[in-house]
Amino acid sequence: MELAAFWDLILTGLLRGGFYALMALGLALVLGVMNVSHFAHGEFYMVGAYAAYFAHTAFGLNPLLAILMAGLIGFAIGALVEKVVICSLRKRTKEDWVMNTFLLTVGISFVFINSAKLIWGARFRGVAHYWEGTIYLSEGLRISIDRGAGFLIAIAAIALTWFFLNRTQLGRAIRAVAQDEIGAMLVGINLDRMNTLTFALSSLLAGIAGGSLLSINAAYPYMGLRPSNRSWYVVMLVGLGNVGGAIMGGFIVGIVETLSYYFLGAGWQDVASLLILVLILLFKPSGIFGTEVKGVLER
Amino acid sequence: MQETEHDQAISTWNRVFSRLRPIGISPQFLLVVAMLAIAPLFINDEYILHLMVVSLLYGSQAIAFDFTAGFINVVNFGLAAFVGIGAYTSALLVVRLGASPWIGFAVGTLAAALLGFITGLLTLRLRGLYAAVMAWFVGLALMALTAAFTDLTRGYLGLSVPLFLKTIEMRPYFYILLPITILTYVVLRAVTNSHIGLAFKAIGQNLRAARVSGVDPTKYRVLNFTLSCAVCGMLGVFYAHFVGILTPDVMATAHTVEVLALSYVGGRGTLWGGLLAAFLVIPTFEYLKPLMEIRLILYGVLLILVMILYPAGLAGILQRVGELLKRRLWRG
């Protein structure tokens, strides 16, 4: 294999990894803070893609605004879903919370996918490109501006989230809930509000991911399945609810997947990544950066 | 005097059924089986018969699903893939090697059981959520493999599979599937009513307590999972030779979710709840044509509503009604 081809693969992996990191970050937040095993994460990615599509084509917004719009709509719908559905379950469920949220979000996912299919039909709605042209990096190594921009947006969103969680009052409150729910409540943090905010924030990240990749992955009712299972893969690999690990893990999985796809082809690539995960979980059930997060590990 | 006769009759009745109850054969069970067995004889509409076969097929899958979810509290989120492996094993045997579909039953069931055993062994040490997600990954990987091996499986082009019978009439298919369902129910019920079933429940309810009482959770979980997967494989074989065409879509997560929804709507931990839900939900959707469009949305909504409002499901409602009636009768 030529060196240029190798770097090309690594670059593809990195770009893919940025996207996985963005998706996995949102999922890890929901897992770590709310202890909700969120199966419908990919559906917010889908919502973001549709939002960006209509914002860009129907309302003629410029790409950056369209992507922002995707995030905001993700945020709003996420907040709504949390308030209406997940919060109601929390008020009623006493035991077996983790599994119940899994089943509940499976239901949410089904409703989202099939509503999208009903409203917009099972056809692809994409844009050819947000920005035309490619970026020349070196001999045989070039990427389209869209991919580069998508990657930068993902990195920016991750960085902003990181800043928000570590440097702002609200972000610290969210982290406090993740560490100790009762303690957080005792110092006067409104748990319900933090849960809604976390879920909405996670949906915002997924929405941005969906919006910024619209020119690569066209909006389609079932498009969320793959991002959903990839982000689950990442969080299981690094340890459920480990937010920092999820970002790292996203990049690792992006690169490994691109390489194994190149060498093994579709089909076996899935098997290989599954085997890697099985082996890691067999020897280190809490994941590679395993931190114990409340209620997620075998008790 | 009359009262003693009455009592005697009741005690004979009870004695007979106390023998049969451990394997799930109760008066209600016999009534339902009789109804199911006789009904097709009076129905000549192929469409209704088709609906009955489909309901029975989904209901049986829901039984297998509930055997795992309702008892050891492990959600087999790759259920459709185990159905698919049974279907493809038998189909490939028949198409590529010219075996009879009836041999396919044995081999397909075994293949699904073996895969379930391996999956269980590797993932069921982990906590419930991990096991569910891992089963999902196994399902996705299998689906990807099936789609990739176009030489063998023809992938998304679809593999056409010979049917069980020369006829395309529905009634015979119903009578092939019904014994399978009954057998499934009786065997799984017998297991859950035995001491193994007690261990299952202990694991499902309180893992630590179960472990302290000397129950090895992994062993029982794997046993349970393998059995459930074997049933799925068997139903998959039926599916293959009933529908006549296979694509990797049989393994799609959406199918798992449909079965899962039926099972939870029916009532977890009952086995029969899912079967009841299938016979109520599937024909209802078919008959109300406008609902057909939003069928899958309704599955999702039903699942959400059951999870939030009434986790006991249809079975819970029925049991409550039954108890009320019993109390009335006793008093009268």
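Residues numbered from 1 in each chain as written. Chains lettered and ligands numbered in written order. Predicted model: local features only at pLDDT ≥ 70, side-chain atom pairs only at ≥ 80, totals over all residues. Heavy atoms only, no water.

A. Here's a closer look at the overall build of chain B. Within chain B one finds 16 helices and 2 strands. Taking 332 residues into account, the globule formula puts the C-alpha radius of gyration at 20 Å, and chain B, at 21 Å, falls close to it. Intrachain contacts of chain B at a sequence separation of at least 6 include 78% that bridge at least 24 residues. With an accessible surface of roughly 15100 Å², chain B has 68% of that area assigned to carbon and sulfur atoms. Each charge class in chain B can be summarised by its mean position, and for the 23 positive and 14 negative side chains these summaries are 11 Å apart. (Helix = DSSP H or I, 4+ residues; strand = E, 2+ residues; numbered from the N terminus. Rg over C-alpha atoms; globule rule 2.2 N^0.38 Å. Contact = heavy atoms within 4.5 Å. Areas by Shrake-Rupley, 256 points an atom, 1.4 Å probe, with all protein chains shown as cover. Lys, Arg positive; Asp, Glu negative; His and termini not counted. Charge placed at Lys NZ, Arg CZ, Asp CG, Glu CD.)

B. Representation of the nonpolar core. Of all hydrophobic cores here, the largest spans 181 residues; its most connected members are A:Phe102, A:Trp232, B:Val75, B:Phe137 and B:Phe238. Beyond its immediate stretch of four places on either side in the chain, A:Trp232 contacts A:Leu27, A:Leu31, A:Ser37, A:His38, A:Phe39, A:Leu240, B:Leu129, B:Val133, B:Trp136 and B:Phe137. By size, the runner-up hydrophobic cluster in this structure holds 16 residues, among which are B:Ala81, B:Ile85, B:Ala91 and B:Ala112. (Core = buried A, V, L, I, M, F, W, Y, C linked by side-chain atoms within 4.5 Å. Buried < 20%, exposed > 50% of the residue type's maximum accessible area, 1.4 Å probe, protein only.)

C. Structural view of the packing of aromatic side chains. A full pass over the atoms with the stated rule returns 34 aromatic pairs over all chains. Linked through ring pairs, A:Phe39, A:Phe102, A:Tyr233, B:Phe77, B:Trp136 and B:Phe137 together constitute an aromatic cluster. The lysine or arginine in question, A:Arg230, covers the ring of A:Tyr233, its NZ or CZ lying 4.7 Å from the ring centre. (Phe/Tyr/Trp six-rings, centres within 6.5 Å; stacked < 30°, edge-to-face > 60°. Lys NZ or Arg CZ within 6 Å of the ring centre and 35° of its normal.)

D. Examining the side chain of A:Asp146 more closely. Residues and elements named next belong to chain A. Residue position: Asp-146 is located in helix H5 (residues 145–167). In this structure, Asp-146 is buried with no salt-bridge partner, the nearest side chain bearing the opposite charge being Arg-147 at 8.6 Å. Among the polar contacts listed, one links the side chain of Asp-146 to the backbone nitrogen of Tyr-130, at a separation of 2.8 Å. (Salt bridge = Lys/Arg side-chain N within 4 Å of Asp/Glu carboxyl O. Polar contact = N/O pair within 3.5 Å; in protein donor to acceptor, adjacent residues only side chain to side chain.)

E. Local environment of the packing of helix H2 (residues 41–57) of chain A against helix H9 (residues 225–238) of chain A. Residues and elements named next belong to chain A. Relative to each other, H2 and H9 sit at 135°, their axes nearing to 7 Å. Considered as vectors, H2 and H9 are oriented oblique to each other. Considering how the two elements wind past one another, H2 and H9 form a crossing that is right-handed. In this structure, H2 uses His-41, Gly-42, Glu-43 and Tyr-45 to contact H9, whose residues at the interface are Leu-225, Pro-227, Ser-228 and Ser-231. Broken down by class, the residue content of the contact of H2 with H9 amounts to 3 nonpolar, 4 polar and 1 charged. (Axes fitted to C-alpha atoms, helices over the stretch in contact; angles between N-to-C directions. Parallel < 35°, antiparallel > 145°, perpendicular 65-115°, else oblique. Left-handed = near helix turned anticlockwise from the far one by under 90°. Nonpolar A, V, L, I, M, F, W, Y, C, P; charged D, E, K, R; others polar.)

F. Just the pairing of strand E2 (residues 141–144) of chain A, in detail. Residues and elements named next belong to chain A. Residues Leu-141 and Ile-143 point to one face of E2 and are all buried, whereas Arg-142 and Ser-144, pointing to the other face, are not buried. Relative to E2, strand E1 (residues 134–138) runs antiparallel, the two sharing 4 bridges. Counterpart to Ile-135 in the pairing with E2 is Ile-143. (Pairing = 2+ DSSP bridges.)

G. Here's a closer look at the pattern of salt bridges. Residue and element names in this part refer to chain A. Taken as a whole and assessed by the stated rule, the structure comprises 6 salt bridges over all chains. Among the ionic pairs, Asp-192 bridges to Lys-91, the shortest N-O distance being 3.7 Å. With Asp-192 in helix H8 (residues 191–212) and Lys-91 in helix H3 (residues 63–92), the pair connects residues that are 101 residues apart, well separated along the chain. In this structure, Asp-270 engages Arg-226 in a salt bridge whose closest nitrogen and oxygen atoms are separated by 3.7 Å. Note that Asp-270 is positioned in helix H11 (residues 268–283) and Arg-226 in helix H9, a separation of 44 residues in sequence. Salt bridges here are not isolated pairs; linked through shared partners, they connect Arg-16, Arg-226, Arg-230, Glu-257 and Asp-270.

H. Structural context of the side chain of B:Thr68. Mapped onto the fold, B:Thr68 is located in helix H3 (residues 46–69). In this structure B:Thr68 touches B:Asn73, B:Val74, B:Asn224, B:Phe225 and B:Ser228, once residues within four positions along its chain are discounted.

I. Structural view of the state of the cysteines. All names here are of chain B. As enumerated under the stated definition, the model contains 0 disulfides over all chains in all. Left without a disulfide partner, Cys-232 is nearest to the cysteine sulfur of Cys-229, which lies 5.8 Å away. Overall, the relative accessible area of 0% leaves Cys-232 in the buried class. (Disulfide = S-S within 2.5 Å.)

J. Quick look at a nonpolar patch on the surface. A cluster of nonpolar residues, A:Leu279, A:Leu282, A:Phe283, B:Leu114, B:Phe117, B:Ile118, B:Leu121 and B:Leu122, forms a patch on the protein surface that exposes about 750 Å² of accessible area. Secondary structure elements with two or more residues in the nonpolar patch: H11 of chain A together with helix H5 (101–123) of chain B. For the nonpolar patch, the element with the most residues is H5(B), which contributes 5 residues. As for its position among the elements, B:Phe117 is in helix H5. Residue classification places B:Phe117 among the partly exposed positions, given a relative accessible area of 37%. (Patch = residues over 30% accessible without salt bridge, like charges linked within 9 Å, V, L, I, M, F, W, Y side chains within 5 Å.)

K. The arrangement of helix H16 (residues 313–331) of chain B in detail. Residues and elements named next belong to chain B. With 19 residues, H16 extends 28 Å between its outermost C-alpha atoms, agreeing within 8% with the 27 Å of an ideal straight helix rising 1.5 Å per residue. All of the buried residues along H16 are Gly-313, Ala-315 and Gly-316. Projected down its long axis, H16 carries its buried residues within an arc of 100°, all on one side. Exposed positions of H16 whose direction lies more than 90 degrees from the buried face are Leu-324, Leu-325, Arg-328 and Leu-329. (Expected span 1.5 Å × (residues − 1). Arc of directions from axis to C-beta.)

L. Broad picture of the environment of B:Thr4. Residue and element names in this part refer to chain B. Its location among the elements puts Thr-4 in helix H1 (residues 2–20). In this structure Thr-4 comes out as partly exposed when scored by relative accessible area, which is 47%. Between the alpha carbons of Thr-4 and Ala-34 there is a distance of 31 Å; along the sequence they are 30 residues apart.

M. Looking closely at helix H11 (residues 217–243) of chain B. All names here are of chain B. A rise of 1.5 Å per residue sets the reference length of H11, with its 27 residues, at 39 Å; its end C-alpha atoms lie 38 Å apart and thus fit the reference within 8%. Most of H11 sits out of view: 22 of its 27 residues are buried. Regarding H11, its N-cap is Asp-216, as a side-chain oxygen of that residue lies 3.2 Å from the backbone nitrogen of Thr-218 further along.

N. Expanded view of the interface of chain B and chain A. Tallying the contact residues gives 44 residues for chain B and 44 residues for chain A. Taking both sides of the interface into account, the surface hidden between chain B and chain A amounts to around 4100 Å²; carbon and sulfur atoms contribute 78%. Three residues stand out in chain B for area buried against chain A, namely B:Arg127, B:Leu129 and B:Tyr130, and they jointly supply 19% of the buried area on that side. Taken together, the connections running from chain B to chain A amount to 0 salt bridges. (Buried area = accessible area lost by both parts, 1.4 Å probe.)

O. Inspection of unusual backbone geometry at higher detail. With a phi close to 60°, A:Asn35 is a non-glycine residue in the positive phi region. Residue placement: A:Asn35 occurs in the loop between helix H1 (3–34) and H2. One non-glycine residue, B:Asn73, adopts positive backbone phi at about 65°.

P. Layout of the packing of helix H8 (residues 170–193) of chain B against H11(B). All names here are of chain B. It is at 11 Å that the axes of H8 and H11 come closest, and there the two elements cross at 180°. Taken together, the axes of H8 and H11 are roughly antiparallel relative to one another. For the pair H8 and H11, the contacting residues are Met-170, Tyr-173, Ile-176, Leu-177, Ile-180, Thr-184 and Val-191 in the first and Leu-227, Val-231, Met-234, Leu-235, Phe-238, His-241 and Phe-242 in the second. Among the residues making up the contact of H8 with H11, the classes are represented as 12 nonpolar, 2 polar and no charged.

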